[in-house]
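Here's the letter readout for the chains.
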Amino acid sequence: MALSSPPNQSNLRWVVCGLLFMATAINYMDRTALGLVEPMLKHILGGDQDIALYNRRYSDIVNCFIFAYGVGFLVAGRVVDRIGVKRGYALSIGLWALSSLSHVFARTPFGFGLARFALGIGESGNFPSALKATADWFPAEERALATGIFNSGTSAGAVIAPMMIPWVAVRYGWQAAFYTTSSLGLLWLIGWLLFPYNQLQPRFGSTTNRSTAAPPAAYKSLLFSPNTWRFALSKGTTDAVWWFYLFWLPKYFNERFHVDMQHLGLPLIIVYVGATAGSIFGGWLAGFYIRRGHSVRMGRRFAMLVCALCVLPVALVPFVHPLWQAIALLCLAAAAHQGWSSNLLSTPSDMFPSSSVGTVVGIGGAAGAAGSVVFTFVVGLLWTNYALLIFFAAGSIYVLTLFAFQWRAPAPLAAEQVSAD
């Protein structure tokens, strides 16, 4: 029986949020596994012979994932809007769990690239599904907090992975890392299939979620909407920085501060614990500002401005020498990124009907992946001699993005303006 009360009268919305959190954490454990076992793969990929060639190969393997992730976003968002969150999420995590398992059989750069490509296709369904579920279950004033909580799963996964994956890999071989992460995904899938999502989903009134029952908007109308592209370009510029932290920080700590694989966990855990706190705080900050009488739009922008300013000091990382100073700066930057992301990810559900949120998020995710591919390629070229430029870009891009694409965003798309396919 469907709930008749609004979601703020039921704790079931937090059960859904918890499931989204766990899926997102597993998602990030899967994608970080490669970076954590990278020292064990160096001889397989030619790192013992030519370090510059190896860095380019590693960059290409990372880009296989990011490219597929972006392409998958274009399809995944639309699929989720068409078949619903329940089936769309199940399809996504089933595919990425099997793709994670496929890494076990890779032995060449091409093999790892193919496995990462498949993983990217599967994982592209996570955020369209999770954000559509948030739009289905939470009113506007709670969405940034709910998004912050489930989005903190990205950081939680990145915290758990350094504690678990190196330990498993050192004792049982690097293949065991991928057996572990794929198993977690399959266990979550069982729990998701057992949860009666469609039977318990609340039905919002027009004041909390415009046109929940409306059919998906025409793809063309969404593709050419200014709001879609302000969101997409914001993702395209800032997602790249998070990919940089995710895939290159283990290398940075190893090469700059000589932190070996068995001691890599603690620096990464500190950085991502900060990111987890920042994700939740950023969502809470927007809600706090809204509850004090400001508009939803200004609440989001205020929280994003605070986060953008907090990222700036990361440009100083190449100038510090004690490891703890670098960790502190990166911890602040990661926290600020996640606070920024919690609010940015909430904007599609503010501006579009729930039936179109997955598609908009998919378009934005594709743009984010495209920007990340370019940035990762540049990092591979500049990493050895010009790390200063990389950290400067990582520190300044949020302020530039905020004022270029977000600060003067137009009014939300009205439900009556949306036409069905």
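What this report covers is the structure whose coordinates are included nearby.

Each value, and the rule that gives it
Residues numbered from 1 in each chain as written. Predicted model: local features only at pLDDT ≥ 70, side-chain atom pairs only at ≥ 80, totals over all residues. Heavy atoms only, no water. Helix = DSSP H or I, 4+ residues; strand = E, 2+ residues; numbered from the N terminus. Buried < 20%, exposed > 50% of the residue type's maximum accessible area, 1.4 Å probe, protein only. Contact = heavy atoms within 4.5 Å. Areas by Shrake-Rupley, 256 points an atom, 1.4 Å probe, with all protein chains shown as cover. Lys, Arg positive; Asp, Glu negative; His and termini not counted. Salt bridge = Lys/Arg side-chain N within 4 Å of Asp/Glu carboxyl O. Polar contact = N/O pair within 3.5 Å; in protein donor to acceptor, adjacent residues only side chain to side chain. 1 Å grid on protein atoms, 1.4 Å probe; cavity = no way out; pocket = protein on both sides within 12 Å on 5 of 7 lines; lining within 4 Å. Points joined across faces, edges and corners; volume = space filled by probe spheres on them. Nonpolar A, V, L, I, M, F, W, Y, C, P; charged D, E, K, R; others polar. Core = buried A, V, L, I, M, F, W, Y, C linked by side-chain atoms within 4.5 Å.

## Overview of the overall build of the chain
Next, step 1: Check the secondary structure of the chain and you find 16 helices and zero strands.
Next, step 2: The buried share among the 421 residues of the chain stands at 60%.
Next, step 3: In the chain, the share of contacts with a sequence separation of at least 24, taken over all contacts with a separation of at least 6, comes to 86%.
Next, step 4: For the chain, the accessible area works out to roughly 16,100 Å², and carbon and sulfur atoms hold 69% of it.

## Considerations on the side chain of lysine 86
Next, step 1: Looking at the secondary structure, you find lysine 86 in helix 3 (residues 85-102).
Next, step 2: For the buried lysine 86, no salt bridge exists, and the shortest N-O distance to an oppositely charged side chain is 12 Å, to aspartate 136.
Next, step 3: A polar contact of 2.6 Å, which involves the side chain of lysine 86, links it to the backbone oxygen of tryptophan 192.
Next, step 4: Sequence-distant contacts of lysine 86, defined by excluding residues within four places in its chain, comprise Trp192, Leu193, Leu194, Phe195, Pro196, Tyr197 and Asn198.

## Considering empty space enclosed by the protein
Next, step 1: All told, the structure shown has four cavities of 30 Å³ or more when counted by the stated rule.
Next, step 2: Taken as a whole, the largest cavity spans an internal volume of roughly 210 Å³.
Next, step 3: Along the wall of the largest cavity there are 19 residues; nearest its centre are Tyr28, Phe127, Lys235, Asp239 and Trp242.
Next, step 4: Elements represented by at least two residues in the lining of the largest cavity include exactly helix 1 (12-41), helix 2 (51-83), helix 6 (140-172), helix 10 (226-257), helix 13 (323-344) and helix 15 (354-382).
Next, step 5: Looking at the lining of the largest cavity residue by residue, the classes come out as nine nonpolar, seven polar and three charged.
Next, step 6: Considered as a void within the structure, the second largest cavity measures approximately 50 Å³ in volume.
Next, step 7: Surrounding the second largest cavity, Thr32, Leu36, Ala158, Pro162, Tyr245, Leu246, Leu249, Pro250, Leu268 and Tyr272 form its lining.
Next, step 8: Within the residue set of the lining of the second largest cavity, elements represented by two or more residues are helix 1, helix 6, helix 10 and helix 11 (265-291).
Next, step 9: Of the residues forming the lining of the second largest cavity, the biggest block, four residues, is contributed by helix 10.
Next, step 10: When grouped by side-chain class, the residues that make up the lining of the second largest cavity number nine nonpolar, one polar and no charged.

## Remarks on unusual backbone geometry
Next, step 1: A positive phi angle is found at histidine 258, which is not glycine, with a value near 60 degrees.
Next, step 2: You can see histidine 258 is positioned in the loop between helix 10 and helix 11.
Next, step 3: According to the relative accessible area criterion, histidine 258 is exposed, its value standing at 67%.

## Points about the nonpolar core
Next, step 1: Counting residues in hydrophobic clusters, the biggest one holds 109 residues, and the most contacted among them are Phe244, Tyr245, Phe253, Tyr272, Val314 and Leu330.
Next, step 2: Residue contributions to this core peak at 14 residues, all from helix 10.
Next, step 3: Dropping the residues within four chain positions of it, phenylalanine 244 is found in contact with Leu249, Phe375, Val379, Trp383, Ile390 and Phe391.

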